[in-house]
Structure formats: C-alpha cells, structure tokens
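Analysis of the macromolecular model
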Amino acid sequence: MAAVFSGDETAPFFGFIGAAAALVFSCMGAAYGTAKSGVGVASMGVMRPELVMKSIVPVVMAGVLGIYGLIIAVIISTGINPKAKPYYLFDGYAHLSSGLACGLAGLSAGMAIGIVGDAGVRANAQQPKLFVGMILILIFAEALALYGLIVGIILSSRAGQSR
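Residues numbered from 1 in each chain as written. Predicted model: local features only at pLDDT ≥ 70, side-chain atom pairs only at ≥ 80, totals over all residues. Heavy atoms only, no water.

Quick look at the overall build of the protein
Check the secondary structure of the protein and you find four helices and zero strands. Relative to the 2.2 N^0.38 estimate, which gives 15 Å for 163 residues, the radius of gyration of the protein is 20 Å and therefore markedly larger than a compact globule would have. Counting only C-alpha atoms, the protein reaches 75 × 20 × 20 Å along its principal axes. Counting across all 163 residues of the protein, residues that qualify as buried make up 42%. Of the contacts formed within the protein by residues at least 6 apart in sequence, a portion of 86% connects residues at least 24 apart. (Helix = DSSP H or I, 4+ residues; strand = E, 2+ residues; numbered from the N terminus. Rg over C-alpha atoms; globule rule 2.2 N^0.38 Å. Buried < 20%, exposed > 50% of the residue type's maximum accessible area, 1.4 Å probe, protein only. Contact = heavy atoms within 4.5 Å.)

Remarks on the environment of Ala101
One can find Ala101 in helix α3 (residues 89-126). Sequence separation of Ala101 and Gly18 is 83 residues, and the distance between their C-alpha atoms is 9.2 Å. Discounting residues that sit within four places of it in the chain, Ala101 has contacts with Gly148, Val151 and Leu155.

Overview of the packing of aromatic side chains
Scanning the model with the defined rule gives two aromatic pairs in all. Ring plane angle 75° and centroid distance 5.4 Å describe the contact between Phe13 and Phe14, whose orientation is recorded as edge-to-face. Each residue in the set Phe13, Phe14 and Tyr93 is aromatic and connected to the rest through ring pairs, giving one cluster. Lys54 extends its terminal NZ or CZ atom over the ring of Phe131, reaching a point 4.5 Å from the ring centre. (Phe/Tyr/Trp six-rings, centres within 6.5 Å; stacked < 30°, edge-to-face > 60°. Lys NZ or Arg CZ within 6 Å of the ring centre and 35° of its normal.)

So, the packing of helix α1 (residues 11-47) against α3
Look at α1 against α3: their axes get within 7 Å of each other, and the N-to-C directions meet at 5°. Relative to α3, the element α1 is oriented roughly parallel. A breakdown of the residues in the contact of α1 with α3 according to their chemical character gives 24 nonpolar, 16 polar and three charged. (Axes fitted to C-alpha atoms, helices over the stretch in contact; angles between N-to-C directions. Parallel < 35°, antiparallel > 145°, perpendicular 65-115°, else oblique. Nonpolar A, V, L, I, M, F, W, Y, C, P; charged D, E, K, R; others polar.)

Focus on the side chain of Ser156
Position of Ser156 relative to the elements: it lies in helix α4 (residues 131-158). With relative accessibility at 8%, the residue Ser156 sits in the buried group. Polar contacts involving the side chain of Ser156 include one to the main-chain carbonyl oxygen of Ile153, which spans 3.1 Å. Setting aside anything within four residues of it in sequence, one finds Ser156 in contact with Ile75, Ile76, His95 and Ser98. (Polar contact = N/O pair within 3.5 Å; in protein donor to acceptor, adjacent residues only side chain to side chain.)

Focus on a nonpolar patch on the surface
Residues Leu144, Leu146, Tyr147, Ile150 and Ile154 make up a contiguous nonpolar surface patch of roughly 460 Å² in combined accessible area. Inspection of the secondary structure puts Ile150 in helix α4. (Patch = residues over 30% accessible without salt bridge, like charges linked within 9 Å, V, L, I, M, F, W, Y side chains within 5 Å. Areas by Shrake-Rupley, 256 points an atom, 1.4 Å probe, with all protein chains shown as cover. Salt bridge = Lys/Arg side-chain N within 4 Å of Asp/Glu carboxyl O.)

Considerations on the nonpolar core
Most often, soluble globular proteins have nonpolar side chains that are buried together. One finds Leu65, Tyr68, Ile72, Ile113, Met134 and Leu138 to be the most contacted residues of the largest nonpolar core, which totals 25 residues. Listed by contribution, the elements that provide at least two residues to this core are α1, α2 (57-78), α3 and α4. With residues near it in sequence (within four places) discarded, Ile113 still touches Ser37, Pro58, Met61, Ala62, Leu65, Leu138, Ala141 and Glu142. (Core = buried A, V, L, I, M, F, W, Y, C linked by side-chain atoms within 4.5 Å.)

Okay, here's the thing in structure tokens:
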C-alpha cells in the first residue's frame, strides 16, 4: 500500500536551509565587515601605528555577527528530528524564516560595520575626537544583527506549535 504524500516529507529540507542560511549569511556579513574595516586599520596603521589596537574594535564587532548565525543554526538543527516527533511544513517554514531573518540581518549589519569601520578608523587617525561617534555608530549597526537574532529565536520557537 502506497503512503499518501502530504508534503510534510519535504519539511526538513526547509528547516535545514534555514539553518544554513543563518550561518552562511551571518558569516558573509562578518567576513565583509572584518575585511573592509581591517583594510582601514591597516591603512591607518601606516600613519599612526600607536592607534592600531584602539582601532581594532570594528573588526571584533564584525566577528560577533558569525556567532549570531551559529546560535540560530544550532537552535534550528536541534529542533529538526522527524523520528522523535512529527515535523510539519509549518515547522520547516518557521525554521526557514528564522534562519533568513538572522542571516540577512547579520549580512546587512556586517556591511554597515565594514563601511563605518573603514571610514571611522581612518578619520580617527586624523581627528581623535571622532572615536566615540564611530563607536556609537558601530553599536547601532551591531544592534541590527541583534534584532535579527531575537526575531530568529522567536520564529524558531514557533516551530512545533502547528498542530
């Protein structure tokens, strides 16, 4: 006797794509932010080598974005176990949206951190009073990824509540 295809057999695919999207997009943002602001630090270090350690803040903040994606990817992947409990399309879509929310927020935050970090550390080398302003802008850019992490956690917690 053939089993009836309900569509829920493909649900884990969407959940795993969500986990991958969270990690991949967040790491892309982290890599871009690190590379772009790292170029600014290297360029600024030629003129003012004593400010290199102070100017490493954007690189560290960009690196944190990958951790956000890792957290959501682990949350999603531990929630996918069709053998233990039923995993419906609703659950797969919840995990997909969770991963995309966190990943794309991390990507956009990484782009912002990279651009602000590059220009900020170069400007800080010429005018030290700009340091606090640069840090505030970087904090607001990092908050974008934090919003994505929070929404991702909320969305992934919705999985399992469909029936």
